[in-house]
Amino acid sequence: AQTVTQSQPEMSVQEAETVTLSCTYDTSESNYYLFWYKQPPSRQMILVIRQEAYKQQNATENRFSVNFQKAAKSFSLKISDSQLGDTAMYFCAVRGATNKLIFGTGTLLAVQP
Amino acid sequence: DGGITQSPKYLFRKEGQNVTLSCEQNLNHDAMYWYRQDPGQGLRLIYYSQIVNDFQKGDIAEGYSVSREKKESFPLTVTSAQKNPTAFYLCASSIPGQEIGRNTEAFFGQGTRLTVV
């Protein structure tokens, strides 16, 4: 079974500051992928960053980076230089070779001016 | 342009009626998914399909049915057995997860808001 836990329902950060969103997961598969998606008020799901579990190097994408701790099954998202446009719901997700894609309950991030 | 299209954007249903939500993709993806989103509950998996003519139940399949007769299409039927169908429904597609090294993220449609009246 696959599960994803996001323990922070809401977070707030000042513009230009750094914020970290937490995610833990569980999966019985040896090969899997981890994702962070963003859902702005439009409700369109947008990929933020992906991490292949077989890669030890943490993924980065411009201002977004992850801290992937495979043994601890932790996959946190760090947003640097937060911008007003980063205000959204953020979802962590895990997908194995069986293609089952499971999401967490989300963290609502508010960037304050 | 390649993408994934859900229709309609808004749908109203009377209690006791079945209704079918459409999902079409032209990305040549094998895997397709249906999710339900309620406030505070994130995205919950209803059904997913890895390939044509095959699909598996997700975590909340009761009261829903799907078919996968074509690679491009994965319609979801909300039956009268679904006790609380009012929700936002999202469809997604992706390449198979076994393809190591390729971009395996899911692409999403814009969703259908279903309301029971």
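Small disclaimer: the values here were computed from a predicted structure and weren't measured. (Residues numbered from 1 in each chain as written. Chains lettered and ligands numbered in written order. Predicted model: local features only at pLDDT ≥ 70, side-chain atom pairs only at ≥ 80, totals over all residues. Heavy atoms only, no water.)

(A) Representation of the overall build of chain B. Of regular secondary structure, chain B possesses zero helices and 11 strands. Of the regular secondary structure in chain B, the N- to C-terminal order runs β-β-β-β-β-β-β-β-β-β-β. Here the C-alpha atoms of chain B give a radius of gyration of 14 Å, agreeing with the 13 Å that 2.2 N^0.38 yields for 117 residues. Projected onto its principal axes, the C-alpha coordinates of chain B cover approximately 45 × 30 × 30 Å. Counting across all 117 residues of chain B, residues that qualify as buried make up 50%. Restricting the contact set of chain B to residue pairs at least 6 apart, pairs at least 24 apart contribute 54%. Counting only carbon and sulfur atoms, one obtains 45% of the accessible surface of chain B, whose full area is about 5600 Å². Averaging the positions of the 12 positive and the 12 negative side-chain charges in chain B gives two centres separated by 8 Å. (Helix = DSSP H or I, 4+ residues; strand = E, 2+ residues; numbered from the N terminus. Rg over C-alpha atoms; globule rule 2.2 N^0.38 Å. Buried < 20%, exposed > 50% of the residue type's maximum accessible area, 1.4 Å probe, protein only. Contact = heavy atoms within 4.5 Å. Areas by Shrake-Rupley, 256 points an atom, 1.4 Å probe, with all protein chains shown as cover. Lys, Arg positive; Asp, Glu negative; His and termini not counted. Charge placed at Lys NZ, Arg CZ, Asp CG, Glu CD.)

(B) A look at the environment of Asn31(A). Residue and element names in this part refer to chain A. Position of asparagine 31 among the secondary structure elements: in the loop between strand S4 (24–26) and strand S5 (32–39). Note: C-alpha distance between asparagine 31 and alanine 53 (22 residues apart in sequence) is 6.4 Å. When neighbours within four sequence positions are excluded, asparagine 31 is seen to be in contact with Gly96 and Ala97.

(C) The state of the cysteines, seen in detail. Taken as a whole and judged by the stated rule, the model has two disulfides over all chains. Between the sulfur of Cys23(A) and that of Cys92(A) lies a disulfide, 2.0 Å long from S to S. Looking along the S-S bond of the Cys23(A)-Cys92(A) disulfide, the torsion reads about -70 degrees, which is the left-handed sense. Highlighted residues: Cys23(A) in the loop between strand S3 (19–21) and S4 and Cys92(A) in strand S10 (residues 88–96), separated in sequence by 69 residues. Between the sulfur of Cys23(B) and that of Cys91(B) lies a disulfide, 1.9 Å long from S to S. Judged by the torsion about the S-S bond (-75 degrees), the Cys23(B)/Cys91(B) disulfide is left-handed. Here Cys23(B) is found in strand S3 (residues 19–25), whereas its partner Cys91(B) is found in strand S9 (residues 87–94), with 68 residues between them in sequence. Exposure class is identical for Cys23(B) and Cys91(B). Each is buried. (Disulfide = S-S within 2.5 Å.)

(D) Fine view of the pattern of salt bridges. All names here are of chain B. Under the criterion given, the structure shown has eight salt bridges over all chains. Between arginine 36 and aspartate 38 there is a salt bridge; the shortest N-O distance is 2.7 Å. As far as the burial class goes, arginine 36 and aspartate 38 line up, both buried. One salt-bridge network, held together by shared partners, links Arg36, Asp38 and Arg44. (Salt bridge = Lys/Arg side-chain N within 4 Å of Asp/Glu carboxyl O.)

(E) Local environment of the sheet that holds strand S1 (residues 4–7) of chain B. Residues and elements named next belong to chain B. Across the sheet, four strands lie side by side as S1-S3-S8-S7; this open sheet has antiparallel pairing. On the outer flanks of this sheet lie S1 and strand S7 (64–66), each paired with one strand and no other. The average angle at which neighbouring strand axes cross in this sheet is 20 degrees, direction not considered. Of the strand pairs in this sheet, S7 and strand S8 (residues 76–78) are connected by three bridges, and their pairing is antiparallel. Each bridged residue has a counterpart across the sheet, and for valine 66 the counterpart in S8 is leucine 76. (Pairing = 2+ DSSP bridges. Axes fitted to C-alpha atoms, helices over the stretch in contact; angles between N-to-C directions.)

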